[in-house]
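Single-letter residue listing:
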Amino acid sequence: MNPLHLLAFGPTGWGDELAYGAAMTLVIAALGFAGGLVLGLPIAAARLSSNVVLRAISGVYVTVVRGVPELLVIYLLFFGGGQFYRYVADALGYSGAVAADAFSAGVLAVILICAAYSAEVFRGAFQAIPKGQIEAANAFGMTRSTLFCRIKLPQMLRYALPSIANVWQLVLKDTALVSVTGLVELMRTIDVAAGSTRSPFLFYMTAILIFLAFTAVSNKAFEGAERHFSRSVIGGYGK
Amino acid sequence: MNKTELPASQPGLAVPTIESRDLRKSFGAVEVLKGVSFKAYEHQVISIIGASGSGKSTFLRCLNFLEAPSSGEIDFKGRSLEIGGGRAPTRIEIEGLRRRTGMVFQQFNLWSHWTVLENIIKVPIHVHGVPRQQAVQRAMDLLAKVGLREKVNAYPASLSGGQQQRVAIARALAVEPELLLFDEPTSALDPELVGEVLAVIRALAKEGRTMLVVTHEMSFAREVSDKVVFFHDGRIEEEGPPAEVLRQPRSPRLGAFLKSVR
Amino acid sequence: MRWDVFFGSFPTLLSALPVTLELAVISITLGFLLAVLLAAARLSGLRALAALAYAYVYVIRGTPLLAQVFFVYYGLGQLDAMRNSILWPVFREAYACALIALSLNTAAYGSEIIRGGLLSVPRGQIEAAKAFGLSPTQRFRHVVFPQALRAMLPAYGNELILMLKGTSLASTITIIELTGQARILASETYAPIEVFLAAGAIYLGLNVVLSFGVRLLEGRVQRSGGFAMEG
Ligand SMILES: Nc1ncnc2c1ncn2[C@@H]1O[C@H](COP(=O)(O)OP(=O)(O)OP(=O)(O)O)[C@@H](O)[C@H]1O
Ligand SMILES: [Mg+2]
C-alpha cells in the first residue's frame, strides 16, 4: 500500500486532522504574535525611559524571558496555571477539579516570549532613528505626542520590520512547543498520527514540509512589506 | 549694545525680534558660552562667524532651546524667557517660541519616511493647524521658489545634498517663521552645490526676512548680511557692519581668523 | 509560593545539570565545526555546493527544533536502511539523537553568522592587502579573520544562549536533563510553579554567566584587534 494514503483527507487518512492542526498552529501563532507586539512596544518604551524603576523592571523582564527555555515557560504556565487556579479555587472554598486550559496557557506563553524579543527589536529601532530628524521636529515645536506618532513610530517600524520578520519566525516555531501540553495543534497531531500509524518518518517529514511552507509564505509576505515600507530609502533596508 | 553698530535703516527704539542677555552654557565643567549678549531686529540678516569650536552652533541652538542654556535671559519679540536664577521657561513657552521660528541644519535633517511634499506640509498641518489644501498650495509655491517643483513626490534619500537643503529651507519657510536660524547650511555640501543653496538664502534676505546665519562663507557674509558677529571662545569678540568688521577688524583675533579663511 | 519547595528543589535539579552542560558543549562544538564547513561551502563559489548548503540552512532555520529532534529520533529510526546500517547503534540512543539534532540545528544558524562576519569585511581592505602583496593566507590571518571575528562574536554569543536553552528539548525524547528532571520533580511534589521557577533560575544563571563571558571576550578582541594579532 502506498504510504501516502495516510495523508489523504477523509476517514481513512490524516489529511483533515493535519489541516485542523495546522490551522490551530496558525491561530496560536497569530494571537501570540499580535499580543506580543502590543505588549512589546510599552516594554521597549520602558527600556528607553528616563525612569530608573521602569528601566529596571523592563530590563529584568526581557533578560529573564530570553534567558529561560521556551519549553520551561510553557510548562510553568500550563502546570503552574493549574496550581494557580487551585489556590484561587481553595480561597473561594471550591474543592472540585480545576485545570489550566492548554490553549490559553499556550497563547499566553507565546505572547510573553514574543513581547520580550519584539521589545528588544523595537528598542534597537528607536535608537536607530537619526538624532537630527528628532531635533528638527523639536525645532519646529512639535509636541511630544506629535513627535512620537508622526516621526518616531513610523520611522521605528520601518527599521524594525526586518527583525520583526525574524520574531514571527520564532513565534511560528515556538508554537510547536505548545504541543507538550497536549493541545491539538500541528505538532501534536503529527505525534499522534506518527504513533498510531507507526509511520513516524512520513509524518515528521510532513511536519517539516508544512513548516517550511509557512516559512516560505511568510518570508514572501514580509519581503513585500519591507519593499513597501522602505520605498523612501534607496536600495531599501535589510538584506 | 552700542547703537552706532546698528545699520542706519534700523529704528533704534524698536523691539528686537530676538535678544539674549548674558547667555551662558556649560557642558559638564566646560563653559562653552561665557555670557553672550546679542540683539537681532526685524528684517536684519546677521552672519555669525568664528573658528571651529568657538560656540556658534551652541549659541544658535540655545536661542530655540535645542540646548538648554545654563543661565541668562532670552527675549523673543519682547517676551522674556529667563533661565537659571529666574523662572525656567515651560515646555509650552519653548514650543511656542519654536513654532514662530524656523531652523535649517547643516545635515538637512529631512524626515526620511516622508516625501518632499510631506516634509513641508506636515508641520503646518499637525503643529499649526493649517488646512491641508492650504498647506499643499503653499508648499507648491515654496517648492517653485527653491526650484524643486518636479521633486514634490521624491523621497529625501533620492535627492542631492543641495536639493535636500533647498527642501529643508522650504520646510522652514512653510511655517511662516518670524525668525530663520541657519546653522552652516552649506558646510555639508560639495562645492558645486553651495551656489544653488546660497542663491536661495540671498533671495530670502532680499525679501527682508529676519535671519541668523552661522557660516564659513565670507563672501556671503560680506555681500548679504547687515551685521557680522565674530565669536571667539564662547564670547562675541567683535560685531558690526560687514564693511567694517571684515575690512578693518579691530580685534587681532578676528584679523587672524580672516587671514586663515581667505 | 512555597519557598521551602523552591529552595529544596535545587539539589535535585542541579544533579541533572551535567547532562544539560554536556549536551550544550558537545553540540556547540560539533555544530561550530559543521558551521565552518557550511559557511565555506556557501562562499566557495561552486554553485552546486553553495546551493546545497543554502538549502540545508533554509530547511533547518525554517522548521522548529522540536520537529527536528523528533524527526531524527523517531523518523529516521523507522527506516529499514537506518536499522540495518552501521549507524543504528548510534541512532538508537536518544542521547545521541539529541546531540545530532542539536548540532545540525546550531550549525545552520552558526554558518549564517560566520558567513555574515566574513562578508562584513570591506572589499576595499582586502584589495589594499592584495596591493601590498599579502598572500591569501596572510590576508585571511591579518585582515579578514580579526575583523570577521569581531563582527560575529556578539551574534555567536547569542546563538550559544539559544543552544543552551535548546538542550531543554532533549527532555521530550526521554533524556533527563535539567528540564526533564524539573518535570519529574514537579509531578512528584505537586508544586510545578516552585520547581519550574527554580529550574528557570538555574538556566538564567547559566545564561547570565555565558553572556558575561562573551562580553569579556568581545572586549579582548576589540582591544587586541583579534586573536590572530596577539603574540
Ligand atoms: N553636546 C555637547 N557636549 C559636550 N560638549 C559639547 C557639546 N556640544 C558642543 N560641545 C562643545 O562646545 C564647544 C562649542 O561647540 P559648537 O558646536 O558650538 O562650535 P561651533 O563654533 O559651532 O564650531 P563648528 O564651526 O565646528 O561648527 C566645542 O568645544 C564642543 O566640543
Ligand atoms: Mg557648528
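Residues numbered from 1 in each chain as written. Chains lettered and ligands numbered in written order. Predicted model: local features only at pLDDT ≥ 70, side-chain atom pairs only at ≥ 80, totals over all residues. Heavy atoms only, no water.

**A look at the sheet that holds strand S6 (residues 101-104) of chain B**
Residues and elements named next belong to chain B.
(1) Moving on: Overall, mixed pairing links the six strands, which are arranged S6-S7-S8-S3-S9-S10 in an open sheet. Where the open sheet ends on each side, the last strands, each with one partner, are S6 and strand S10 (235-240). Here the average twist between neighbouring strands, direction ignored, is 20°.
(2) Moving on: When strand S3 (residues 45-50) meets strand S9 (residues 227-232), the two strands line up parallel, connected through five bridges. Residue pairing in the sheet places Ile 46 in a bridge with Lys 227 of S9.
(3) Moving on: Together, S3, S6, strand S7 (179-183), strand S8 (211-214) and S9 form the strand contacts of helix H1 (residues 56-63), whose direction differs from that of S3 by roughly 140°. (Pairing = 2+ DSSP bridges. Helix = DSSP H or I, 4+ residues; strand = E, 2+ residues; numbered from the N terminus. Axes fitted to C-alpha atoms, helices over the stretch in contact; angles between N-to-C directions. Contact = heavy atoms within 4.5 Å.)

**Regarding the interface of chain C and chain A**
(1) Moving on: Contacts between the two partners involve 39 residues from chain C and, on the opposite side, 38 residues from chain A.
(2) Moving on: Counting each side, the surface lost to burial between chain C and chain A is near 3200 Å², with a carbon and sulfur contribution of 74%.
(3) Moving on: Among the residues of chain C in contact with chain A, Phe 71, Lys 165 and Phe 196 of chain C are the three that bury the most area, contributing 18% of the side total.
(4) Moving on: At the boundary of chain C with chain A, the tally comes to one salt bridge.
(5) Moving on: The salt bridge partner of Glu 70 of chain A is Lys 165 of chain C, with a shortest N-O separation of 3.5 Å.
(6) Moving on: In this structure, the connection of chain C to chain A is made through eight residue pairs in polar contact (both at pLDDT 80 or more). (Buried area = accessible area lost by both parts, 1.4 Å probe. Salt bridge = Lys/Arg side-chain N within 4 Å of Asp/Glu carboxyl O. Polar contact = N/O pair within 3.5 Å; in protein donor to acceptor, adjacent residues only side chain to side chain.)

**Brief notes about the site of ligand 1**
Residue and element names in this part refer to chain B.
(1) Moving on: Near ligand 1, the surroundings consist of Phe 27, Val 32, Ala 51, Ser 52, Gly 53, Ser 54, Gly 55, Lys 56, Ser 57, Thr 58, Glu 184 and His 216.
(2) Moving on: Taking Ser 54, its main chain carries an N or O atom lying 3.2 Å from an oxygen atom of ligand 1.
(3) Moving on: For ligand 1, an oxygen atom lies 2.6 Å from a polar atom in the side chain of Ser 57.
(4) Moving on: With the chains in place, 58% of the 630 Å² that ligand 1 exposes on its own is no longer accessible.
(5) Moving on: Looking at which element gives the most residues to the shell around ligand 1, the answer is H1, with three residues. (Near = heavy atom within 4 Å. Areas by Shrake-Rupley, 256 points an atom, 1.4 Å probe, with all protein chains shown as cover.)

**Digging into the pattern of salt bridges**
All names here are of chain B.
(1) Moving on: Tallied over the full model, the rule gives 28 salt bridges over all chains.
(2) Moving on: Residues Arg 138 and Glu 176 are paired through a salt bridge, measuring 3.4 Å at the closest nitrogen-oxygen approach. Of the two residues, Arg 138 sits in helix H4 (residues 132-145) while Glu 176 sits in the loop between helix H5 (161-173) and S7, which places them 38 residues apart along the sequence.
(3) Moving on: Residue Arg 138 is classed as partly exposed on the basis of its relative accessible area, which comes to 26%.
(4) Moving on: The closest approach of N and O atoms between Arg 166 and Glu 196, which form a salt bridge, is 2.8 Å. Within this pair, whereas Arg 166 is found in helix H5, its partner Glu 196 is found in helix H6 (residues 191-206), the two being separated by 30 residues in sequence.
(5) Moving on: Taken together, the shared-partner salt bridges in this structure form one network comprising Glu 19, Arg 21, Glu 73 and Asp 75. (Buried < 20%, exposed > 50% of the residue type's maximum accessible area, 1.4 Å probe, protein only.)

**Brief notes about the sheet that holds strand S2 (residues 30-40) of chain B**
Residue and element names in this part refer to chain B.
(1) Moving on: If you walk across this open sheet you meet the four strands as S2-S1-S4-S5, and the pairing is antiparallel. In the strand order of this sheet, the two ends are held by S2 and strand S5 (79-83), each with one partner. Here the average twist between neighbouring strands, direction ignored, is 20°.
(2) Moving on: Both strand S4 (residues 71-76) and S5 contribute to a ladder of five bridges, which runs antiparallel. Following the sheet pairing, Phe 76 is matched in S5 by Arg 79.
(3) Moving on: Packed on one face of the sheet, H1 meets strand S1 (18-27), S2 and S4 and runs near 120° to S1.

**Comments concerning the interface of chain A and chain B**
(1) Moving on: Opposite the 22 residues of chain A that make contact, chain B presents 26 residues.
(2) Moving on: Overall, the association of chain A and chain B removes approximately 2200 Å² of surface from exposure, summing both partners, and the carbon and sulfur fraction of that is 59%.
(3) Moving on: For the chain A face of the interface with chain B, the top three residues by lost area are Ala 139, Phe 140 and Arg 150 of chain A, together amounting to 30%.
(4) Moving on: If you look at where chain A meets chain B, you find one salt bridge.
(5) Moving on: Two residues, Glu 135 of chain A and Arg 61 of chain B, come together in a salt bridge whose shortest N-O distance is 2.7 Å.
(6) Moving on: Counting across the chain A and chain B interface gives 12 residue pairs in polar contact (both at pLDDT 80 or more).
(7) Moving on: Mapped onto the side of chain A that touches chain B, the elements with two or more residues apiece are helix H5 (131-139) and helix H6 (144-174) of chain A.

**Focus on the side chain of Arg 166 of chain B**
Residue and element names in this part refer to chain B.
(1) Moving on: Taking the relative accessible area as the measure of exposure, Arg 166 reaches 11% and is therefore buried.
(2) Moving on: At 2.8 Å, the side chain of Arg 166 and the side chain of Glu 196 are in polar contact.
(3) Moving on: Non-local contacts of Arg 166, meaning those with residues more than four positions away in its chain, are made with Val 146, Gly 147, Leu 148, Glu 196, Val 197 and Val 200.

**Some words on the pairing of S10 of chain B**
Residues and elements named next belong to chain B.
(1) Moving on: Judged from the five bridges that link them, S9 and S10 form a sheet pairing that is antiparallel. Looking at S10, one finds that Val 228 is bridged to Gly 240.
(2) Moving on: Remark: two residues form the turn of the hairpin made by S9 and S10, two consecutive strands paired antiparallel; Asp 233 in that turn has positive phi of roughly 50°.

**Quick word on the arrangement of the chains**
(1) Moving on: Most contacts, compared over the two pairs of chains touching, are made between chains A and C.
(2) Moving on: At the C-alpha level, the nearest point of chain B lies 23 Å from chain C, with no contact between them.

**Some details on the packing of H6 of chain A against helix H8 (residues 200-229) of chain A**
Residue and element names in this part refer to chain A.
(1) Moving on: Close contact between H6 and H8 brings their axes to 10 Å; oriented N to C, the two are set at 170°. Comparing the axis directions of H6 and H8 gives the class roughly antiparallel. For the pair H6 and H8, the contacting residues are Arg 158, Leu 161, Pro 162, Ile 164, Ala 165, Trp 168, Gln 169 and Leu 172 in the first and Phe 211, Phe 214, Thr 215, Ser 218, Asn 219, Phe 222, Ala 225, Glu 226 and Phe 229 in the second.
(2) Moving on: Class assignment of the residues belonging to the contact of H6 with H8 gives a composition of 11 nonpolar, four polar and two charged. (Parallel < 35°, antiparallel > 145°, perpendicular 65-115°, else oblique. Nonpolar A, V, L, I, M, F, W, Y, C, P; charged D, E, K, R; others polar.)

**A closer look at unusual backbone geometry**
(1) Moving on: For Arg 198 of chain A, which is not a glycine, the phi torsion comes out positive at approximately 55°.
(2) Moving on: Here Arg 198 of chain A is to be found in the loop between helix H7 (186-197) and H8.
(3) Moving on: Given the relative accessible area of 71%, Arg 198 of chain A is considered exposed.
(4) Moving on: Of note, Glu 184 of chain B is a non-glycine position whose phi angle comes to about 45°, a positive value.
(5) Moving on: Summarising the element assignment, Glu 184 of chain B is placed in the loop between S7 and H6.
(6) Moving on: Taking relative accessible area as the criterion, Glu 184 of chain B reaches 11% and is therefore assigned buried.

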